[in-house]
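Chains, contacts and geometry: an overview
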Amino acid sequence: MDKNLHDIEDLFKSALDDHEEMPSAKVWEAVDNRLDKESIIKIEKKYKSAKRLLFLLLLLLSALSLYELNNYYNKSNLAEKNYNQGKETTNDLTNTSPQNKIENPVSTFEKPDALPSGKRTETATGGFYSPSGADATKDIFSFNKPATLTGKSITKIKISNVEAVSDEQVVTTNKDEKTFIQHPALQPIFATTFEKPGLQKSDSFDLKKKTTALELEKMHFAVEVNNNPKTTTVKNNKPSRFLITGFFSPDIATYSLENNEVTNQPDNATKIKKSEQHEFSSTLGVLVDYKLNKHWALQSGVTFSNTNIAINLKTIYAQADNTGAVKYRLNFSSGYGYLIPSFQPNPAVGDSLKVTATTHKLQYIGIPVAVKYRIVKGKFTIEAMAGISTNFLTMGKLETEIQKGSNNEIDILNKIEGLKPVYFSGLAGIGVTYKLTDKLSFVLMPTARFALTSINKGAVVKSYPNSFGMAVGVKVKF
Amino acid sequence: MVKPFYYLEQETQLIQACINRDRQSQNQLYAVLAPKMFAVCLRYCKNHEEAEEVLQEGFVQVFKSLKNYKYQGSFEGWVRKIMVYSAIQYYRSKTKLHPVIYMRTSMEEPAEKEETLSQLGKKELLKMIQALPPAYRMVFNLYVFEGMKHREIAEHLGISEGTSKSNFFDAKLILQKAVANSLKIAKINY
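No experiment lies behind these values; they were computed from the predicted model shown. (Residues numbered from 1 in each chain as written. Chains lettered and ligands numbered in written order. Predicted model: local features only at pLDDT ≥ 70, side-chain atom pairs only at ≥ 80, totals over all residues.)

What follows covers the overall build of chain A. A count of helical and extended segments in chain A gives 4 helices and 20 strands. Residues counted as buried form 34% of the 478 residues belonging to chain A. Counted over contacts in chain A with a minimum sequence separation of 6, partners at least 24 positions apart contribute 73%. (Helix = DSSP H or I, 4+ residues; strand = E, 2+ residues; numbered from the N terminus. Buried ≥ 20, exposed ≤ 12 C-beta atoms within 10 Å, placed from the backbone. Contact = placed C-beta atoms within 7 Å.)

Dropping the structure here:
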């Protein structure tokens, strides 16, 4: 009988090995359709990353465009203002008698120390300064273009609070009051007064031309023009550009799962998605805003996110792990883990167990970089934010209860296999800030976070976590 | 049998065209291989419908994986391997991996002589395999037709080696009984 039993397999093999049978035509039709679908999916996948990149580029481009528009708008306003002020100055110059008008091809700024009190000197004013010290008057100033100065009285100018800025500076004068205007996008705007009681009606002071010649010099300064040798310096009390926000955000977490090409596993994206539920998740952190101008700011800082996902009752099977040891493998959205219950330390391949009350916890520290656009309306500030975050895995933990017959055991895995140490996510949010005091504001910022890269590799599925959180916090001005 | 050079060249060209997603070439490749592969699928499945599903999935996988084919060994063998893995995947998705316990009610009669088996048609033998419980059918096919060891079968199906051996033994008993019954009927009819 044994011989016959042995033979029967060979007989089946020889009889059926060369067997051929034509399938029905609908099989090719189905294959044809599937190939079309696969091509579409392939194209979609291919462009998914490109779409994400494009989205970020568009965000950055929009931010840049708005920034440039804002600059342009402010420049236009400034030009208009200068034009009006220049008109007044020109009127003054027109009234000046020709003998009082001095034009210097190359003007020299005279040091105040060398200028005796009460001495009438016609010198060009304004100039550029190489920012090596706070007291600019100790340096030599010169202009590339002719300077125009008219007046009968001694005019002495001191430049202080030298600070690098971009673009042109404009200094104009209007009778007794001289105004110095900086580029509006860059704080501070200085105004200084010519304290010159003896200034005559015909006196005028025009630095517009000279300061225009300074375009390349990228600087700003405060100007004091005083008839009195005792000069006074206008101090610049610049407000800080930094704001610090502390926040907490309860999150509604979700994920999108994609099947990974891992063979011989009983799970797939659909099964895993069905078997898992997100539990309470949250994000907290400290963010620093750096104000670029009235509307724009850069944001960065540190966030800490915590995501909890529960897994329903599930059957797991014993398989060989990477080292060849046979253990029970549990596949889930974040990765996988190998378990060995104490009541069955040596399972055979294919043995099964049931796991209940399983939760996996993921914790990340994120470094976000975002661009913010702010519109101030009284005590309220409306803010829109977009950026990216680099997220570093700090903890991946799995807790499960294993059951087999009367045996029951709680197992904890402190390392989830397949998790990447770093992943990138996008951020977008719009919110409101309410000013409580000069230094303190309340912040409410609903924020969406979406993964740009998967959090795992080599697992049954690729997981892209997304979340929507209502961030609440306080903002402190320094 | 060694294939003539011109055939190999044609095969390579056809594969290349399929990699380039030329649908006509894909259809041509399907037409050449489908009858053989369908026979493989039929052995792993309980009926034509299931076999067609596996064949469809297998061919989709073949076309997707063609770029990974290294032109080493027989192309037909490579495709056949994919079909077998598709069948295993199908089996795993449809059934839980619990071993099937087959209770033997009586000692089966042994098959008479090898020659007598040839009296049975291929379709009849195929039906006997298809009538096996899924786990037995998988183990029997993998062992007999793919030449796998029980350890390999255990790994592929996610069962223990002992289960694989036991399933194979039981499958043979069932087939032997089925063959004996068929021969008995054939004799009566004759």
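Before going further, it helps to examine the overall build of chain B. Helix and strand counts for chain B come out as 9 helices and 0 strands. Within chain B, contacts between residues at least 6 apart in sequence are counted, and of these 70% link residues at least 24 apart.

In this model, A357(A) sits at a positive phi of 45°, which is unusual for a non-glycine residue. Its location among the elements puts A357(A) in strand β15 (residues 352-377). Phi is positive for R21(B), close to 60°, though the residue is something other than glycine. Accessibility expressed as a C-beta count within 10 Å gives 14 for R21(B), which makes it partly exposed.

Moving on, we get to the interface of chain A and chain B. Interface size is commonly expressed as the accessible area that is lost once the parts come together. Listed by partner, the interface residues are 36 residues for chain A and 41 residues for chain B. Of all the secondary structure elements, the ones that give two or more residues to the side of chain A that touches chain B are α1 (2-16), α2 (25-95) and β12 (314-320) of chain A. At 10 residues, α1(A) tops the list of elements feeding residues into the side of chain A that touches chain B. Taken together, the residues of the side of chain A that touches chain B sort by class into 19 nonpolar, 8 polar and 9 charged. (Nonpolar A, V, L, I, M, F, W, Y, C, P; charged D, E, K, R; others polar.)

Time to look at the pairing of strand β17 (residues 407-413) of chain A. Residues and elements named next belong to chain A. With 0 of its 7 residues buried, β17 lies for the most part at the surface. One ladder, built from 7 bridges, connects strand β16 (residues 380-404) with β17; its direction is antiparallel. If you follow E401 over to β17, its bridge partner there is I410. Here β16 folds back onto β17 in antiparallel fashion, the turn holding 2 residues, of which G405 has a positive phi close to 60°. (Pairing = 2+ DSSP bridges.)

Residues and elements named next belong to chain A. Mapped onto the fold, V371 is located in strand β15. When the 20 C-beta atoms within 10 Å are taken as the criterion, V371 is described as buried. Along the backbone, V371 and L59 are 312 residues apart, and their C-alpha atoms lie at a distance of 9.0 Å. In this structure, V371 is in contact with A63, L298, A386 and G387, ignoring residues within four places of it in sequence.

With that out of the way, let us pick up the nonpolar core. All names here are of chain B. Counting residues in hydrophobic clusters, the biggest one holds 82 residues, and the most contacted among them are C41, A87, V139 and F140. When residues of this core are assigned to their parent elements, the largest contribution, 10 residues, is made by helix α2 (residues 23-44). Setting aside chain neighbours within four positions, we find A87 in contact with C41, Y44, C45 and V54. (Core = buried A, V, L, I, M, F, W, Y, C linked by C-beta atoms within 7 Å.)

For the rest of this paragraph, the subject is the packing of α2(B) against helix α4 (residues 75-94) of chain B. Residue and element names in this part refer to chain B. For the pair α2 and α4, the least separation of the axes is 10 Å and the interaxial angle reads 35°. When the axes of α2 and α4 are compared, the crossing they make is right-handed. Counted together, L33, K36, M37, V40, C41 and Y44 of α2 and E76, V79, R80, M83, V84 and A87 of α4 form the full contact between these two elements. In terms of residue class, the contact of α2 with α4 is made up of 9 nonpolar, no polar and 3 charged. (Axes fitted to C-alpha atoms, helices over the stretch in contact; angles between N-to-C directions. Left-handed = near helix turned anticlockwise from the far one by under 90°.)

So, about the packing of helix α3 (residues 48-65) of chain B against α4(B). Residue and element names in this part refer to chain B. Between α3 and α4, whose axes approach to 8 Å, the crossing angle comes to 130°. Between α3 and α4, the angle is such that the two are oblique. Once α3 is placed against α4, the crossing between them reads as right-handed. Where α3 approaches α4, its residues E53, V54, E57, G58, Q61, V62 and S65 are matched on the opposing element by V79, I82, M83, S86, A87 and Y90. Residue composition of the contact of α3 with α4, by class: 7 nonpolar, 4 polar and 2 charged. (Parallel < 35°, antiparallel > 145°, perpendicular 65-115°, else oblique.)

Let's shift gears to α2(B). At A34(B), α2(B) shows its largest bend, some 50°, and a proline, P35(B), comes one to four positions later. Among all positions of α2(B), only Q26(B), L29(B), Y30(B), A34(B), M37(B), F38(B), A39(B), V40(B), C41(B), L42(B), R43(B) and Y44(B) are buried. (Bend = angle between axes of the 7 residues up to and from the residue.)

This part covers the environment of F332(A). Residues and elements named next belong to chain A. For F332, the position within the fold is in strand β13 (residues 326-332). The exposure class of F332 is buried, given the 26 C-beta atoms found within 10 Å. Separated by 21 residues in sequence, F332 and I311 place their C-alpha atoms 7.9 Å apart. Residues in contact with F332, not counting those within four places in the same chain, are I272, E276, I311 and H360.

Summing up the model confidence of chain B, the mean pLDDT is 81 and the portion of residues at 70 or higher is 80%. In the model, residues 97-113 of chain B has pLDDT below 50 throughout and makes 34 contacts with residues more than four positions away in sequence or in other chains. (pLDDT = per-residue confidence, 0-100.)

What follows concerns the confidence of the model for chain A. Do not read the fine detail of predicted coordinates wherever pLDDT is low. Chain-level pLDDT for chain A is 72 on average; 65% of the residues reach the 70-or-more range. Segment residues 89-235 of chain A is flagged for pLDDT under 50; beyond a separation of four residues in sequence, or across chains, it makes 260 contacts in the model.

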